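Structural characterization, general
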Amino acid sequence: MTRDPVPEPGEDLLGKTLARAVAGLTATGRLVVVEVAADGMTTFEIHRDEHGTALGRQWPLPWITLTAEHGWGEDARQALLRAAGLPAPGSEVIVACSSPESGTALQALEWLREARTAQVFSTAAPIAGLVRDVLVGDPLHQSYDLVVMRPAGAGGRLELAGKLLFPVGARAGTRTELTVRCEPGGEHGTALAVVTRQGREPRLLSVHSARVAPGPYVVTAELVRPGRVRFAGLPGLAADGRTWDDLLADVPDRLPPRTGPAHLICAVEVCGPDVKVEERLGRARQMIAFLSGEPADTPRVSLVAYGAHSFDRSVRDRPVEVVTWQATAEAALKGLDGLEERGAVTQGYPYHPHAAQVEDMLATVAARLSRSMSRSSPGRHVLLTIGDRRPHPGRADRSGVLPCPQRHDWRSLLAYLEHLPGVAFGAICDQPEDGPPHRIWRHLGAQALAHLDALDLQGLAAGLGLAVPAAVHVPFPLLDETE
Amino acid sequence: MQPDPKPGRPAHDIAMWGAPGSGKTTLLAALDIALMRKDDDWRIVGSDPASSEFLIERTNALSTGKVFPEASQGLEHYHWTLYGPGERHRRRWWRRPGKPEPFEVGVGMIDAPGGLFSAGPRRLDYGPDVLDDLRERMLNDLVKSLGIVFLFDPIREFERGDAFDHLHPPLKRLTERMRDLGRLTGGRLPHHVAVCVTKFDDPRVLETAEKMHLLASEPDDPYGFPRVSHDDARDLFRQLCDLSANGNADMVLNALGRYFHPDRVRFFVTSSIGFYVHPQTKAFDWHDYQNLLPEDDDLRIRGPIHPINVVEPMLWLGRRLAAEKESPR
């Protein structure tokens, strides 16, 4: 924290007395300063607000007004004392006379002295500027905190916290600098809210907001005067009239998933009605194209196509196709071209009408991922399955669905993948014609499950940590974890 | 509707009886195939052109088309004759043992859609006269028959639970008719009854039998198919009754035991299509034995059929009837 030299509130005794009296003001105390001049009287009343800031207000009483209404006798004296607003005995009163040669001023000064014990000073100039300087130079009586959010435990949970900007005793001109991270803040952007505290309860002092691009920022806060903090470092910062409750209403309970380099595996079911296969491939294309345009690192993309098992002896069971593996988005899109051109796989009979090679697809992905992870660091992998059919069981069971010819057991394969580090599951599942989707789709869409007909690409990508969620806004800056 | 069969058909008929969809037609088609797979000289022949045609169609559908024979939609009355090599007569004091007489037994089936006797909402598109006539024919069949093949479909019972509804009304009427004819013996119906618990190939039935430790393979079975012996079949029937959709299946068992002589009732656990056999291993595989494949809204047969316990009930009945013929009550 840096501090500019604060000019002395005044070299004369009045200035020092005023500064001392203001500094000694309690939360409920009141200081009255009366200036008596040749043309009238001005009263300054100073008190502290809920933030401990010394605030003053003033009201003048020109002699011409006083005499016009009350003459210059007893009525005028009482009216003058009422206008002076002298506090109850015990509170401090300071009287300054800036026109000692004026008879009217001296008479008024006399009436005030008779009414209350007060320190009386002579001054050569009006004291309004002096009072303002004293208030500006008053050191903070309560510390000022910037409202931030910070991670709390695992799972991206967030909590509100305060970052100290200015401690008690800080004076105007003090600056402090801190590094924060801004997330998408929604309609109002990121709010730099300054609070003081009454016990543990924060009291909102000021809010300034700016809609800034997500990322780290170095923010400088300057204490302009008690009660006023000026920020620099966030472009477009403007005063924000929201209340504390308004701000709290926008606070999410979780940090949005971090985006970053990832490996997207699109596994598409290519059996069934042509129109559905076409739609599934289209969704895969949309997702890959969407991620290509995201500001985050474009993921490596694998494209896997799987169909139905053949149970006809004369037709060879078509294996799962790995069209691309950890390739560029462009290569995957080219692979989709080929799949779209081919259309639904219908050759051969009898393909199973209700189940597909989901378990073979899982086996293929598990084997490939296992090999990748043994060669390099695990990284993040997202398996996005697009289809609707159920898997074949590993052995004959009561479902009536014929067992996988390869004897793959989808349960154990799924469990294996779920335990691999950094693997997330998303699914785009269309409603099967013969009832609700098989329970495997809950696992395949564990992190994000979307419907084929109502796909929110942004939401799906965000749920899988491939994009920043549009719906989750963080209204306050996040404390940078590296700080 | 066919006229009554020619008078030359065998007298000791076997009547097929069971709820609609319980597999009567499939069992008959499977019987034809199973008989042809047997080494000995068994065959089933239609007693009239319509019955022959019916059997040819259904058997072809099952063996070649790999589809289930169409469920009965019309009101048909069929008769076949089951021919076999026969058995050498036991030596009697009044005659010497001679050449075995060919075994011959008539098999009759009223091929009618379900609901013929049920008390529930009538869904048949036939007038009351036609239905009355059909009921009468079916009762006549049962009255004239000495043996009954009663089919109990545990899967249908699990899903719909209507076996008792299809057994109870005709059983009551049959008893009444037989009493009027003075043919009850000891207050019970005189028929021999082969109770066939069907769909043994369904995992729900097979697994139930496995859990009850009722499965065994016959030593000379090249495929090693699991089977339930007729001694254990009643226990399996009882266990499957507990899975009935409406909980009435136990009454089926009780009714069979009370209206017929218990020593004339035998249980068989059957499968018309049998288990799938992989062409390479040519053996039963617990991991992959289902011989059904869903196709659209229907089921298709996946591989060659290997009927299980389809011939045995017929032969058992045939022998019991032949024995009765030899030693009339």
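Residues numbered from 1 in each chain as written. Chains lettered and ligands numbered in written order. Predicted model: local features only at pLDDT ≥ 70, side-chain atom pairs only at ≥ 80, totals over all residues. Heavy atoms only, no water.

**Brief notes about the overall build of chain A**
For chain A, the count of helices and strands is 12 helices and 23 strands. In chain A, 71% of the contacts between residues at least 6 apart in sequence involve partners at least 24 apart. (Helix = DSSP H or I, 4+ residues; strand = E, 2+ residues; numbered from the N terminus. Contact = heavy atoms within 4.5 Å.)

**A short note on the overall build of chain B**
Of the regular secondary structure elements, chain B holds nine helices and 11 strands. By the burial criterion, 53% of the 329 residues in chain B qualify as buried. When the accessible surface of chain B is totalled, it reaches about 15,400 Å², and 49% of it is carbon and sulfur. (Buried < 20%, exposed > 50% of the residue type's maximum accessible area, 1.4 Å probe, protein only. Areas by Shrake-Rupley, 256 points an atom, 1.4 Å probe, with all protein chains shown as cover.)

**Considerations on the sheet that holds strand 21 (residues 423-429) of chain A**
Residue and element names in this part refer to chain A. Strand order in the open sheet formed by six strands is 17-16-15-19-21-22, with mixed pairing between adjacent strands. With one partner strand each, in any of the chains shown, strand 17 (321-327) and strand 22 (448-451) form the two edges of the open sheet. This sheet shows a mean twist of 15 degrees between the axes of neighbouring strands, independent of strand direction. Where strand 15 (residues 263-269) meets strand 16 (residues 300-306), seven bridges bridge the pair, whose relative direction is parallel. The residue bridging Val268 from the neighbouring strand is Ala305, located in strand 16. With respect to the sheet, helix 8 (residues 329-342) is in contact with strand 16 and strand 17, its orientation differing from that of strand 17 by roughly 165 degrees. (Pairing = 2+ DSSP bridges. Axes fitted to C-alpha atoms, helices over the stretch in contact; angles between N-to-C directions.)

**Observations concerning the interface of chain B and chain A**
Residue-level contacts link 23 residues of chain B with 17 residues of chain A. Taking both sides of the interface into account, the surface hidden between chain B and chain A amounts to around 1,700 Å²; carbon and sulfur atoms contribute 52%. Of all residues in chain B, the largest losses of buried area upon contact with chain A belong to His287, Gln290 and Leu293 of chain B, amounting jointly to 31% of the total for that side. Where chain B packs against chain A, one counts three salt bridges. Where Glu207 of chain B meets Arg398 of chain A, a salt bridge forms, and the shortest distance between an N and an O atom there is 2.9 Å. (Buried area = accessible area lost by both parts, 1.4 Å probe. Salt bridge = Lys/Arg side-chain N within 4 Å of Asp/Glu carboxyl O.)

**Section: the packing of aromatic side chains**
Residue and element names in this part refer to chain B. Enumeration over the complete set of coordinates arrives at 19 aromatic pairs over all chains. Aromatic side chains Phe225 and Phe284 sit 6.4 Å apart centroid to centroid with 80 degrees between the ring planes, which places their arrangement in the edge-to-face category. Taken together, the residues Phe225 in the loop between strand 7 (215-217) and strand 8 (226-228) and Phe284 in the loop between strand 9 (265-269) and strand 10 (292-295) connect sequence positions 59 residues apart. This pair shows no difference in class: Phe225 is buried, exactly as Phe284 is. Their ring planes at 85 degrees and their centres at 5.3 Å tell us that Phe284 and Trp286 sit as a pair that is edge-to-face. (Phe/Tyr/Trp six-rings, centres within 6.5 Å; stacked < 30°, edge-to-face > 60°.)

**So, the nonpolar core**
Residue and element names in this part refer to chain B. Ranked by internal contacts, the top residues of the largest apolar core, which has 48 residues, are Trp17, Phe150, Phe200, Phe237 and Phe260. If near-sequence neighbours (up to four positions away) are discounted, Phe237 is found in contact with Phe152, Val195, Val197, Ala249, Val252, Leu253 and Phe267. Counting residues in hydrophobic clusters, the runner-up holds 38 residues, among them Ala30, Trp42, Leu62 and Phe268. (Core = buried A, V, L, I, M, F, W, Y, C linked by side-chain atoms within 4.5 Å.)

**Observations regarding the sheet that holds strand 4 (residues 54-62) of chain A**
All names here are of chain A. Reading across from one edge, 4-3-2-5-6 is the order of the five strands in this open sheet, with mixed pairing throughout. Of all the strands in the sheet, the pair left with one neighbour each is strand 4 and strand 6 (119-122). On average, each strand axis in the sheet is tilted by 20 degrees relative to the strand beside it, whichever way the strands run. By the bridge criterion, nine bridges tie strand 3 (residues 40-48) to strand 4 in an arrangement that is antiparallel. Paired with Phe44 across the two strands is Gln58, which belongs to strand 4. Running over the sheet, helix 4 (residues 103-115) touches strand 2 (31-36), strand 3, strand 5 (93-97) and strand 6 and is turned about 155 degrees from strand 2.

**What about the environment of Glu159 of chain B?**
Of note, Glu159 of chain B is situated in helix 4 (residues 154-159). Spatially, the C-alpha atom of Glu159 of chain B lies 9.1 Å from that of Leu243 of chain B, the residues being 84 residues apart in sequence.

**Overview of helix 7 (residues 274-292) of chain A**
At 3.6 residues per turn, the α-helix brings residues three or four places apart onto the same side. Residue and element names in this part refer to chain A. Between its first and last C-alpha atoms helix 7 spans 27 Å; for 19 residues at 1.5 Å apiece the expected length is 27 Å, and the two agree. Lys276, Val277, Arg280, Leu281, Arg283, Ala284, Met287, Ile288 and Leu291 are the residues of helix 7 that are buried. Seen from one end, helix 7 has its buried residues packed into an arc of 150 degrees, which puts them on one side. Opposite the buried face of helix 7, by more than 90 degrees, sit the exposed residues Asp274, Val275 and Glu278. Here the buried face of helix 7 lies against strand 15, strand 16, helix 8, strand 19 (381-387), strand 21 and helix 12 (457-463). (Expected span 1.5 Å × (residues − 1). Arc of directions from axis to C-beta.)

**Looking at the confidence of the model for chain B**
Low pLDDT marks regions whose predicted coordinates should not be analysed in detail. Mean pLDDT over chain B works out to 81, with 80% of the residues at or above the 70 mark. When pLDDT is averaged over each element of chain B, strand 9 of chain B comes out on top at 96 and strand 4 (residues 103-111) of chain B at the bottom at 78. (pLDDT = per-residue confidence, 0-100.)

**Points about the packing of helix 1 (residues 13-23) of chain A against helix 5 (residues 128-136) of chain A**
All names here are of chain A. Orientation of helix 1 relative to helix 5, taken along the N-to-C sense of each, is 45 degrees, at an axis distance of 9 Å. With respect to helix 5, the axis of helix 1 lies oblique. By crossing handedness, the relation of helix 1 to helix 5 is classed as right-handed. Where helix 1 abuts helix 5, its residues Leu14, Gly15, Leu18, Ala19 and Val22 lie against Leu130, Val131, Val134 and Leu135. Counted by class, the contact of helix 1 with helix 5 contains eight nonpolar, one polar and no charged residues. (Parallel < 35°, antiparallel > 145°, perpendicular 65-115°, else oblique. Left-handed = near helix turned anticlockwise from the far one by under 90°. Nonpolar A, V, L, I, M, F, W, Y, C, P; charged D, E, K, R; others polar.)

**Considering the side chain of Arg390 of chain A**
Structurally, the position occupied by Arg390 of chain A is in strand 20 (residues 390-391). Apart from the residues lying within four places of it in its own chain, the contact partners of Arg390 of chain A are His354, Ala355, Ala356, Val358, Ser399, Val401 and His438 of chain A.

**Describing the pattern of salt bridges**
For the structure on display, the rule yields 35 salt bridges over all chains. Salt-bridge contacts for Glu159 of chain A lead to Arg150 of chain A; the nearest nitrogen and oxygen are separated by 3.0 Å. Overall, the relative accessible area of 37% leaves Arg150 of chain A in the partly exposed class. With a shortest N-O distance of 2.5 Å, Arg156 of chain B and Asp162 of chain B are connected by a salt bridge. Arg156 of chain B sits in the buried class, given a relative accessible area of 12%. Sharing partners across several salt bridges, the network here consists of Glu269, Lys276, Arg280, Asp388, Arg389 and Asp430 of chain A.

**Some words on the environment of Leu234 of chain A**
Residues and elements named next belong to chain A. Note on placement: Leu234 falls in the loop between strand 13 (228-232) and strand 14 (238-239). Among the residues examined, Leu234 registers a relative accessible area of 6% and is labelled buried. Distance in space between the C-alpha atoms of Leu234 and Val219 is 6.7 Å, their sequence separation being 15 residues.

**Notes on unusual backbone geometry**
Even without glycine at this site, Arg407 of chain A takes up a positive phi of about 65 degrees. Following the sequence through the fold, Arg407 of chain A ends up in the loop between strand 20 and helix 10 (410-419). The exposure class assigned to Arg407 of chain A is partly exposed, which follows from its relative accessible area of 31%. Residue Lys199 of chain B is not a glycine yet carries a positive backbone phi of 60 degrees. Tracing the sequence through the fold places Lys199 of chain B in the loop between strand 6 (192-197) and helix 6 (203-211).

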